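# Architecture at a glance
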Amino acid sequence: MDWSLLLTQLMNGLQLGLLLFLLASGLTLIFGIMDFINLSHGSFYMIGAYFCGSIVARGGSFLVAVLVALVGMFIVGALIERVIARRLYRADHLDHVLATFGLILIFDAIVHIVWGPSGMAIPLPAILDGQVTLGSLVLPTYRLVIISGGLLVAAILSVLVTRSRLGMMIRAGASNRTMAEALGVNIHKLFLIVFAIGATMSGFAGMLIAPITEASIGMGNDIIIIAFVVVIVGGIGSIKGAFHASILIGLIDTLGRSYLDDLLKIFMSLDYAETAAPALSAMLVYILMAVVLAFRPQGLFPPAGIRA
Amino acid sequence: MSMKHYMIRVILPILFTALPAGLVAADSVRIGFVTTLTTPAGVIGADMKNSVELALEHIGNKMGGLDVELIIEDDGFKPDIGKQKTDKLVKQDDVHFVTGFIWSHVLLASRQSALDSGKFLISANAGPSKMAGVLCHENFFSTSWQNDQTPMAMGAYLTQQGIESLYIMVPNYAAGKDMLSGTESTFQGEVVGRDLTKWGADAQLDFSAELAKAKASGAEGLFVFYPGKAGGAFIRQYQQAGLQDVLPLYSVFTVDSINLPRFQDAGMSGVLGSKMTMFWSPDLDTPGNRRFVSAYLDKHGKYPSFYGAQSYDAIMLIHSAVEAVGGNLDDKDGIRAALKAANFESVRGPYLYGNNHMPIQNFYLREVVEDEAGRWTTRIVDTVFENHQDPYAAECQM
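In this text, all values refer to a predicted model and were calculated from it rather than measured experimentally.

### Here's the deal with the overall build of chain B
The helix and strand inventory of chain B stands at 13 helices and 14 strands. In summary, chain B has a C-alpha radius of gyration of 22 Å against a globular reference of 21 Å for 398 residues, a match within 12%. Dimensions of chain B along its principal axes, counting C-alpha atoms only, are 80 × 45 × 45 Å. The buried share of chain B, taken over its 398 residues, is 58%. Nonlocal contacts in chain B, meaning residues at least 24 apart in sequence, comprise 74% of its contacts between residues at least 6 apart.

### Considering the packing of helix H7 (residues 165-175) of chain A against helix H9 (residues 187-213) of chain A
Residue and element names in this part refer to chain A. Relative to each other, H7 and H9 sit at 100°, their axes nearing to 11 Å. Between H7 and H9, the angle falls in the class roughly perpendicular. Contacts from Leu166, Met169, Ile170 and Gly173 in H7 reach Leu190, Ile193 and Val194 in H9. Per-class residue counts for the contact of H7 with H9 are six nonpolar, one polar and no charged.

### Here we look at unusual backbone geometry
The residue Asp35(A) is not glycine, and still its phi comes out positive at about 55°. Within the secondary structure, Asp35(A) sits in the loop between helix H1 (3-34) and helix H2 (41-57). Positive phi, close to 50°, is recorded for Asp94(B), a residue that is not glycine. Relative to the helices and strands, Asp94(B) is located in the loop between helix H3 (79-91) and strand S4 (97-100). Classification of Asp94(B) by C-beta neighbours within 10 Å gives partly exposed; the count is 16.

### Overview of the interface of chain B and chain A
Contacts between the two partners involve 31 residues from chain B and, on the opposite side, 32 residues from chain A. Of all the secondary structure elements, the ones that give two or more residues to the side of chain B that touches chain A are helix H2 (42-58), strand S8 (190-197), helix H8 (208-216), helix H9 (229-240) and helix H10 (260-265) of chain B. Grouping the amino acids of the side of chain B that touches chain A by side-chain chemistry returns 11 nonpolar, 10 polar and 10 charged.

### Describing the sheet that holds strand S6 (residues 140-142) of chain B
All names here are of chain B. Read from one edge to the other, the open sheet built from six strands follows the order S2-S3-S1-S4-S5-S6, with strand pairing classed as mixed. Every interior strand has two partners, whereas the edge strands, strand S2 (62-63) and S6, have only one. Here S4 pairs with strand S5 (residues 120-123) via four bridges, running parallel. Of the residues in S5, the one forming a bridge with Gly100 is Ser123. Packed on one face of the sheet, H2 meets strand S1 (28-35), strand S3 (66-74) and S4 and runs near 180° to S3.

### Some remarks on the domain arrangement of chain B
Residue and element names in this part refer to chain B. By the assigned domains, chain B splits into domain 1 (3-145 + 285-350) and domain 2 (149-278 + 363-395). The centre of domain 1, based on its C-alpha atoms, is set 29 Å off from the matching centre of domain 2. On the side of domain 2, 19 residues touch domain 1, which itself brings 23 residues to the contact.

### Notes on the packing of H2(A) against helix H3 (residues 62-88) of chain A
All names here are of chain A. Axis separation between H2 and H3 bottoms out at 8 Å; the angle between their running directions is 140°. Relative to H3, the element H2 lies oblique. At the point where H2 passes H3, the crossing takes the right-handed sense. Contacts from Phe44, Ile47, Gly48, Phe51, Cys52, Ile55 and Val56 in H2 reach Phe62, Ala65, Val66, Val68, Ala69, Gly72, Met73, Val76 and Gly77 in H3.

### Some thoughts on the pairing of strand S1 (residues 131-134) of chain A
Residues and elements named next belong to chain A. When S1 meets strand S2 (residues 137-140), the two strands line up antiparallel, connected through four bridges. Bridge pairing in S2 places Leu134 opposite Leu137. Hairpin connection between S1 and S2: a loop of two residues separates the two successive antiparallel strands, and Gly135 in this loop has a positive phi of roughly 65°.

### Here's the deal with the environment of Pro304(B)
All names here are of chain B. Note on placement: Pro304 falls in the loop between helix H11 (287-300) and helix H12 (306-324). On the neighbour-count criterion, Pro304 (28 C-beta atoms within 10 Å) is buried. As a C-alpha pair, Pro304 and Pro282 span 22 residues in sequence and 7.2 Å in three-dimensional space. Beyond its immediate stretch of four places on either side in the chain, Pro304 contacts Asp47, Ser51, Ser257, Pro282, Phe292, Val293, Tyr296 and Ala309.

Criteria and cut-off values
Residues numbered from 1 in each chain as written. Chains lettered and ligands numbered in written order. Predicted model: local features only at pLDDT ≥ 70, side-chain atom pairs only at ≥ 80, totals over all residues. Helix = DSSP H or I, 4+ residues; strand = E, 2+ residues; numbered from the N terminus. Rg over C-alpha atoms; globule rule 2.2 N^0.38 Å. Buried ≥ 20, exposed ≤ 12 C-beta atoms within 10 Å, placed from the backbone. Contact = placed C-beta atoms within 7 Å. Axes fitted to C-alpha atoms, helices over the stretch in contact; angles between N-to-C directions. Parallel < 35°, antiparallel > 145°, perpendicular 65-115°, else oblique. Nonpolar A, V, L, I, M, F, W, Y, C, P; charged D, E, K, R; others polar. Pairing = 2+ DSSP bridges. Domains from an automatic or database assignment. Left-handed = near helix turned anticlockwise from the far one by under 90°.

Encoded structure:
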C-alpha cells in the first residue's frame, strides 16, 4: 500500500467534496425551504466562473476578481429570484423543472453569445500555481486553496445558520414553512436572501474550479446532478447533511476512480477491469443514493421536525 | 374516401414531397456536413466550418460546373443526435455526400444511415478501427487517419527514445481505446498503468486522482489523448501538479491550434516544447497546405487546426471527384473511382488510398514552438513513419 498516494487521493476527494458542498448547500436550502426544484442552480456555477474569468482577463488579480464576482453573483441570484423564481413557488414540481430547464438553455445561450463557445482559461497568480510539499506529499497549491476556501465557507455558513437570527429563520423555514410564516417571518425576504446566497455559493464553486478545468458552457449541468444526489443523501433542507454527504460522495468518487480497477483486477481480466472500473466508479454515488433511499428515505441528516 | 379527396389527401402531398428533391437534383451538388457546433466542443466545429467555407471559396463554390449547396448540422456531441441529423441530411435534403464527423462514436452511429441509402460518406476526422476493418465500405472514405496510426507513431518514437516505462491516460470511448491499442502496439517498453476516464457530454475534467497515480507509478513518460476542452483542463492540471520535470508528457490530439492561443493567453509556458505525433502541421511544406494555411491566417488571424485541414481536404476530395465525372452525379462508379484516386492537391501532399479507403500517409513528430509573429504553434521536427498504412486494412474484405 502506497500511503502517500492514499493521502493524496484523500485530499483530492476532500477537495471534490467541498466543491460539491458549495453547490449542494444552496440547492438543499432552496429545495428544503422553498420547496423549489432549481435545475438551473448549476448555471450560477458557470456564470460565476465566467464573471471571475472576465475580471481576471481585464487585468484584475484573482482575489479581487473572486470578491467582485461574488457580489455580482448575489445580484444575479436576487434578480432571478425576484423576476422568475418567485412566480413559480406556487406551481408544482414539474413546472419548476420545466421552467428552470429553460433557464439553463437561456444561460447557456447567453454565455455562448457573450463569451463565445470556446471556453475561458483563467490564469492563476504564480504563488497559487505551484506545489506545496508536506513531508512526502507534493500537492498542487491551488488544490489546498480550494480545500481551505470550501472549509471557510462551510464554517461561515454553519455559524450563520446555527447562531444568527437569519439562520434561525432559515432553519424554521426548512422545518415547517407554514408555521414559520404564521409566526411572522417575512417569507418573501427570506426566500430572496436564501436564493441569492445559494447562487453566490454556487458561483463561488465555479470560480474555484475554473482555473483547473477552464470555464465552459454547460459546466454546471455536469455537476448539478451529483449535487442533487448530495441533497438527497444528506437530507433535503439540511446544511449539516449536505456537508457530510458532499465529503462522503467526494471521497467515494475519487477513491473509486483510484482503486477500483486494482480491486477488480483481482477477479477479472485486465481489459475488463479497466473498462468496468470507470463505469462502476461513476455508478457508485448513485448506488449509495439508492441504498440511502431504500433504508433511510429522509436522508442521513434530515432537518429537525421532518419525519419520514 | 372519394376519388377527389384521395387526390388531395394522398397523391398531392406525395407529389409535393417528391418534387423538390427531383427538381433540384440536377443543378447543385449537395454536401451535408455533420460536426459539433454547440457544447464546448463547438470550437472544433467552428474551425471545421471555417475551413470548409475557405475550400468552397477556393473552388468558387462550383464543382463540375454545378453550384455547391452546403448543409451544416450540429450533432451536439451525441451519437443519437448525430444519427438523427444524418438521417435528415440523407432523407430530407437528399445530399450526395455526407462528411464531417469529429467523434468516432458519432460516426459509428451515423454510418448506416448514410451508407444504406447509397450516399458517399467521407470522414473528416473520426477513424474508428471497425470502419477501417470489418465495417469498411466501398462508399466510405477518410481524409484523416485511422485512430490507431497517430499513437502508433508516438509509440514508435518513444521506443526510439529509449523510454522504458509509460503511464497512459485516455477517455473511455471508441477513439480512446484505439489510441491505447495503437500506442501499445509499437511501444516496446512496459506500460506501468492505464486509466480510462469518463467521456461524453459530462466527461470527467478533474484528473487529480489519475495524475497522482501516474506520478506514484514512477513511469518515465505519460502518454495522453484528450481532445477538445478536456485537453486544456488536462494540461493545466499537469502543470499545476508540477509534473513537467518528473513525468514528461507525450500526447496525441490534445494540444492543437485551437487551444494553443488559449494556453498562450493564460501564460502556460509549460506546453512549449511538448511533443506529439500527427500526419500534418501548419508548417508542412506542400503547395496545398501553403495555400490553405496562409489563406486561413489572413482570413481568421490564427492558425487552422488539423480538424480544419482535414475538412478542407474533404471538400477538395469531393471537388476532384465531381470534376472527374463532369458533374454527372448519377455516375456513382465514376465518383467512387475518382475519390479512390485522391487526385487533388491535399494539404498533406499526394497520398494514396488503401483497400479500406483510409489514407496511406506520413506521420511526423511535431513540437510546440513560438513563431516569428510570437504566436504559439507546432512545427515538424522529424518524420516518424513514411507512407504508413493502418493495421486494420487486412481485416477489410474489399
